[in-house]
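# Tertiary structure, described
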Amino acid sequence: MSNASNKPFFITTPVYYVNGKPHIGHAYTTIAADVVARFQKGSGREIFFSVGTDEHGAKIAAKAKESEKDPQVFVDEISEEFKKLWGKLHIQYSSFIRTTNPKHIAAVQKVLQTLSDTGAIYKGFYEGLYCVGCEQFKTADDLVDGKCPDHNSVPELMKEESYLMKMTELQPELTKKIKNDELAVRPERYKKEILSFLEGEKLEDISISRKNVSWGIPLPFDKTHTTYVWVDAFLNYLTVFGWDGDEKNVPKEWPADVQFIGKDILRVHATIWPVILMHLGIPVQKTLFTHGHILSGGKKMSKTLGNVIAIDDLLERFGVDGTRYLLLSAGPFGEDVDVTVERLTEKYNADLANGLGNLVSRVVKLASNLQSTTYRQQQGGEEYPEDLKKLLSGYKLSEALQYIWKKVAEANRYIDETKPWELVTTNQAEFETVMQKLLGDIAFIASWIEPFMPETAEKIKQALQERKTVPLFERI
Ligand code: ME8
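All residue numbers refer to position in the chain's written sequence, counted from 1. Restriction of local features to residues with pLDDT of at least 70 applies here, the model being predicted, together with a cutoff of 80 or more for giving and counting side-chain atom pairs; totals for whole chains, interfaces and linings are based on all residues. Computation of side-chain values covers all heavy atoms of the structure but excludes hydrogens and water.

### Some details on the overall build of the chain
- Secondary structure counts use DSSP, requiring at least four H or I residues in a row for a helix and at least two E residues in a row for a strand, with both numbered from the N terminus. Regarding its fold elements, the chain presents 17 helices and 15 strands.
- Expected size for 476 residues packed as a compact globule is a radius of gyration near 23 Å; at 25 Å, the chain falls within 12% of this value.
- The C-alpha extent of the chain, read off along each of the three principal axes, is 90 × 50 × 40 Å.
- In the chain, buried positions account for 55% of the 476 residues.
- When the 59 basic and 66 acidic side-chain charges of the chain are each reduced to a single mean position, those positions are 1 Å apart. Only the C-alpha atoms count toward the radius of gyration. The rule for a globule is 2.2 Å times the residue count to the power 0.38. Any residue under 20% of the maximum accessible area for its type is buried, any over 50% is exposed, and the rest in between are partly exposed; the area is computed with a 1.4 Å probe on protein chains only. The charge count treats Lys and Arg as positive and Asp and Glu as negative. His and the chain ends do not count. We put the charge of a Lys on NZ, of an Arg on CZ, of an Asp on CG and of a Glu on CD.

### Points about the layout of surface pockets
- The pocket and cavity definitions rest on a 1 Å grid over protein atoms only: a 1.4 Å probe that fits but cannot leave marks a cavity, an open set with protein on both sides within 12 Å along at least five of seven lines marks a pocket, and residues lining either have an atom within 4 Å of a point. Grid points are joined across faces, edges and corners, and a volume is the space filled by probe spheres set on the points. Of the volumes computed, that of the second largest pocket is approximately 820 Å³.
- Q136, F137, D142, F197 and R267 are the residues nearest the centre of the second largest pocket, which is lined by 31 residues in total.
- Those elements giving two or more residues to the lining of the second largest pocket turn out to be β4 (121-131), β5 (136-138), α6 (188-200) and α9 (266-270).
- Sorting elements by how many residues they give to the lining of the second largest pocket places β4 first, with four residues.
- Under the convention adopted here, Pro, Cys and the residues Ala, Val, Leu, Ile, Met, Phe, Trp and Tyr are nonpolar, Asp, Glu, Lys and Arg are charged, and Gly plus all remaining residues are polar. Looking at the lining of the second largest pocket residue by residue, the classes come out as 15 nonpolar, five polar and 11 charged.

### Let's talk about the packing of helix α1 (residues 24-42) against helix α11 (residues 311-329)
- One way to put it is that α1 packs onto α11 with a least axis distance of 10 Å and a crossing angle of 40 degrees. Relative to α11, α1 is oriented oblique. The hand of the α1/α11 crossing is right-handed. Along the contact surface, α1 presents I24, A27, Y28, I31, A32, D34, V35 and R38, while α11 presents I311, L314, R324, L327 and L328.
- Here the contact of α1 with α11 is composed, by residue class, of 10 nonpolar, no polar and three charged. Interaxial angle, 0 to 180 degrees, is taken between N-to-C directions of lines fitted to C-alpha atoms, where a helix line uses only the stretch in contact. The scheme is simple: roughly parallel for angles under 35 degrees, roughly antiparallel for over 145, roughly perpendicular for 65 to 115, oblique for anything else. Here a crossing is taken to be left-handed if its near helix is turned anticlockwise relative to the far helix by less than a right angle, and right-handed if that turn runs clockwise. Only heavy atoms matter for contacts: two residues are in contact if any of them lie within 4.5 Å across the pair.

### So, the site of the ligand
- Throughout this document, a residue counts as near a molecule or strand when at least one of its heavy atoms sits within 4 Å of that molecule or strand. Every one of the 23 residues lining the ligand counts as a neighbour, but V15, T29, D54, D264 and I294 are closest to it.
- Within the backbone of Y17, one N or O atom sits 2.9 Å away from an oxygen atom of the ligand.
- Between the ligand and H26, the relevant distance is 2.9 Å, taken from an oxygen atom to a side-chain nitrogen or oxygen of the residue.
- In the complex, 91% of the free accessible area of the ligand, which totals 680 Å², lies under the protein chains.
- For the shell around the ligand, the per-class residue count stands at 11 nonpolar, 10 polar and two charged. Whenever two N or O atoms come within 3.5 Å, that pair is a polar contact, provided that in protein one can donate a hydrogen and the other can accept it, and provided that, for residues adjacent in sequence, both atoms are side-chain atoms. Per-residue and other accessible areas were derived by the Shrake-Rupley procedure at a 1.4 Å probe size, with only the shown protein chains allowed to occlude residues.

### Comments concerning the sheet that holds strand β13 (residues 287-291)
- The strand order across the open sheet formed by six strands is β3-β2-β1-β12-β13-β7, and the pairing between neighbours is parallel. One side of each edge strand has no neighbouring strand; the edge strands of this open sheet are β3 (95-98) and β7 (184-186). Averaged over all pairs of adjacent strands, the angle between their axes in this sheet comes to 20 degrees, without regard to strand direction. Two strands pair under a simple rule: DSSP has to find at least two bridges between them.

### Focus: the sheet that holds strand β11 (residues 222-227)
- Strand order across the open sheet formed by three strands is β9-β11-β10, with antiparallel pairing between neighbours. The strands lining the two open edges of the sheet, one partner per strand, are β9 (209-210) and β10 (218-219).
- In terms of strand pairing, β10 meets β11 through two bridges, oriented antiparallel. Residue pairing across strands places P218 opposite T226, the latter belonging to β11.

### What about the environment of T168?
- Position of T168 among the secondary structure elements: in the loop between β6 (156-165) and α5 (171-179).
- Along the chain, T168 and K202 lie 34 residues apart, while their C-alpha atoms are 6.8 Å from each other.
- Discounting residues that sit within four places of it in the chain, T168 has contacts with K202, L203, E204 and D205.

### Section: helix α13 (residues 386-393)
- Taken residue by residue, α13 has L388, L391 and L392 as its buried positions. For α13, the buried positions fall inside an angular range of 95 degrees around the axis, keeping them on one side. Those residues of α13 that are exposed and aimed more than 90 degrees away from the buried face are E386 and K390.
- Just downstream of α13, Y395 is the residue with a positive phi angle, here 60 degrees. As used here, the arc belongs to the directions running from the helix axis to the C-beta atoms.

### Looking at the pairing of β4
- With 10 bridges connecting them, β4 and β6 associate as antiparallel partners. If you follow Y122 over to β6, its bridge partner there is L164.
- Sheet analysis places β4 next to β5, joined by three bridges and oriented antiparallel. Pairing of C131 across the sheet is with Q136, part of β5.

### Concerning α6
- By definition here, a helix of n residues has an expected span of 1.5 Å times n minus one. Over its 13 residues, α6 runs 18 Å from end to end, which matches the ideal 18 Å to within 8%, given 1.5 Å per residue.
- When α6 is considered as a whole, its buried residues turn out to be Y190, K191, I194, L195, F197 and L198. An end-on view of α6 places all buried positions within 155 degrees of arc, on one side of the element. Exposed residues lying more than 90 degrees from the buried face of α6 are K192, E199 and G200.
- Buried-residue contacts for α6 involve α5, β7, α9 and β13.

### Overview of the pattern of salt bridges
- Each reported salt bridge corresponds to a side-chain nitrogen of Lys or Arg within 4 Å of a carboxyl oxygen of Asp or Glu. Under the defined criterion, the tally for this structure stands at 32 salt bridges.
- As a salt-bridge pair, E253 and K252 come within 3.0 Å of each other at their nearest N and O atoms.
- Here E253 falls in the buried class, since its relative accessible area comes to 9%.
- In this structure, E466 engages K468 in a salt bridge whose closest nitrogen and oxygen atoms are separated by 3.8 Å.

### Things to note about the domain arrangement of the chain
- All the domain ranges listed were derived from an automatic or database domain assignment. Segmenting the chain into domains produces domain 1 (9-291) and domain 2 (341-466).
- Taken together, the 10 residues of domain 1 in the interface contact 12 residues of domain 2.
- Counting the surface domain 1 buries against domain 2, the share from its top three residues, V35, R38 and F39, is 54%.
- Across the domain 1-domain 2 interface, the total number found is one salt bridge. Reported buried area values correspond to the accessible surface (1.4 Å probe) lost by two parts on association, with both partners' losses combined.

Structure follows, in structure tokens:
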């Protein structure tokens, strides 16, 4: 893969709120980003993969109070839970940024000062409906029966003195950038969605400060206000490099090649974030890739409905690679995907225990009958076929898995048809040919699955090298 500027491939996940422990949705985005980072790295590209936690704001302050903890102690604990989960899921991130990091705070203040100095931020008065669950202002159109559909709660009417950031004047330029893919919103239907929003509505200047939220970054030019949590949060994508907030000094990795987000935060990422960058004269992110939500049994997961699927339960049942595989193969990346433990279990048995696991164990066992001189590990397993490369470069992750699993099925069928366990006594030469092909197939499959299932890829490579069979996945 060539890249003229030699810039590392920079991929981001959202920084997640630390109002509660990490859940399956957070894991979903992060595993997907890890797969892409590993794929790019495996293709010889230098990468930077950032993750982190979003730790300020009213929602988190309220949770800390509920658990009778000092907010900093509270966010330290939960942020650690995210780190622990990423460790368990074998997420190979480059850096973990926390928005309570003092350097991040200083950079946010510097940016705010710049925006105020250039007139992009001005003092005014703001009146609007605010959903604390979303930490977002809502328009009448966003509400269903007067409630935020995501949180099933009536937003509060905020009416206070506030600093505002100019949005309206940059709306035509922003629309143009999204239209011509300078900021590519993907999949295509999210681009359409955001363009129809931008074309249908005037972007109001937004409130970027709060007077009554003390758990936040004070505005450097008016300490009676703290920064709106999203302005604070977005800048993580730059402060993750230790950036000091000076727009003339932007990290070389910027702009992000792709930012992975869920559809719940598409609008803010496609409006407020690029507008901040435009005010600062910094290029906008290249691609904003939006995925759908994970549903459980057709419904949003909720404690009241009792349909929450805990990530730790998945890990216990399916192991790390099983969990990574099952989440990413549950449906097209971009669409909502509906999961149930029953369906995941079926797929685990079909694709992993019977499919890949059975293939590897059969081939390695049969290979013990090979003359040791002809048993050689196939080389060149690192190459991705063009079709697979295209799928992975386009973030078509479940399609990439389908592509690989078609090869798994073909190899299993090839064994059934050629019956090498008979050839071993009837036709040694043919046996050797069949086994060479199968060993080659497995070596390829092992390297193709590496971004998705790093541990399994390693186990297969070892099994091939040591000629020792391993049960990769036990039927449940
Ligand atoms: O919004 N299915 O943090 P957050 C799939 N701090 N993905 C899901 C999901 C689900 N059911 N639920 C959550 C925030 N996600 C802000 C972001 S970034 C500058 C600030 C994933 O903890 C998905 O990526 O609410 C979604 O966009 C994100 O978690 C929201 O995480």
